Amino acid sequence: TEPTELERWFVSEVPWKPEAGEVFEAAGETGRIVTLEPPHVIVWTWGVERYSFELTPDGHGCVLVFTHVFNPDLGPGWQHAAGWETYLDRLEAHLAGGFLSEEDAHASIDDRMKRYRELFEADRESEPRR
């Protein structure tokens, strides 16, 4: 939630404090922090989409559950999945004490998008027909 930490890995600069109910502007969209329970939960809206990060203790570490409720008009699910995997790779590098540039993280984005597109299409094909 800390802007100086987010700028090391997140998709966009986020100009928030953060505080529950806070309204912010980022990349031309208005957002609002819906839920904030430091250090375990942050939920926000940004434009018409909703995001959440939830941390649950697990041994000496934690489990991160990330949810992005996206608008398909802004891109297909496979594209969002590949993009978030890229940014979560940047987070992983940051947490390990390193740095992964956005450019380096995106070096394999085409392969990731292809893999996710195939997975999403295979999943859709396996759904029962109505």
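Scroll up a little and you will see the structure.
Throughout what follows, the structure given in this document is the object of discussion.

About the thresholds
Residues numbered from 1 in each chain as written. Predicted model: local features only at pLDDT ≥ 70, side-chain atom pairs only at ≥ 80, totals over all residues. Heavy atoms only, no water. Axes fitted to C-alpha atoms, helices over the stretch in contact; angles between N-to-C directions. Helix = DSSP H or I, 4+ residues; strand = E, 2+ residues; numbered from the N terminus. Parallel < 35°, antiparallel > 145°, perpendicular 65-115°, else oblique. Left-handed = near helix turned anticlockwise from the far one by under 90°. Contact = heavy atoms within 4.5 Å. Nonpolar A, V, L, I, M, F, W, Y, C, P; charged D, E, K, R; others polar. Patch = residues over 30% accessible without salt bridge, like charges linked within 9 Å, V, L, I, M, F, W, Y side chains within 5 Å. Areas by Shrake-Rupley, 256 points an atom, 1.4 Å probe, with all protein chains shown as cover. Salt bridge = Lys/Arg side-chain N within 4 Å of Asp/Glu carboxyl O. Lys, Arg positive; Asp, Glu negative; His and termini not counted. Charge placed at Lys NZ, Arg CZ, Asp CG, Glu CD. Buried < 20%, exposed > 50% of the residue type's maximum accessible area, 1.4 Å probe, protein only. Pairing = 2+ DSSP bridges.

Put simply, helix α2 (residues 77-95) and helix α4 (residues 109-126) touch, their axes get as near as 8 Å, and they point 135 degrees apart. Between α2 and α4, the crossing angle belongs to the class labelled oblique. For the pair α2 and α4, the sense of crossing is right-handed. Together, Gly77, Trp78, Gln79, Ala81, Ala82, Gly83, Glu85, Thr86 and Asp89 of α2 and Ile109, Arg112, Met113, Arg115, Tyr116, Arg117 and Phe120 of α4 make up the contact between the two elements. Class assignment for the residues of the contact of α2 with α4 results in 7 nonpolar, 4 polar and 5 charged.

On the surface, a cluster of negative charge is made up of Glu2, Glu5, Glu7 and Glu13. Turning to its location among the elements, Glu5 is positioned in helix α1 (residues 3-6). When its relative accessible area of 40% is taken as the criterion, Glu5 is described as partly exposed.

If you walk across this open sheet you meet the 5 strands as β1-β2-β3-β4-β5, and the pairing is antiparallel. The open sheet is flanked by β1 (23-26) and β5 (61-69), the only strands paired with a single partner. The average undirected angle you get between the axes of adjacent strands in this sheet is 20 degrees. Pairing between strand β3 (residues 41-46) and strand β4 (residues 49-58): 6 bridges, direction antiparallel.

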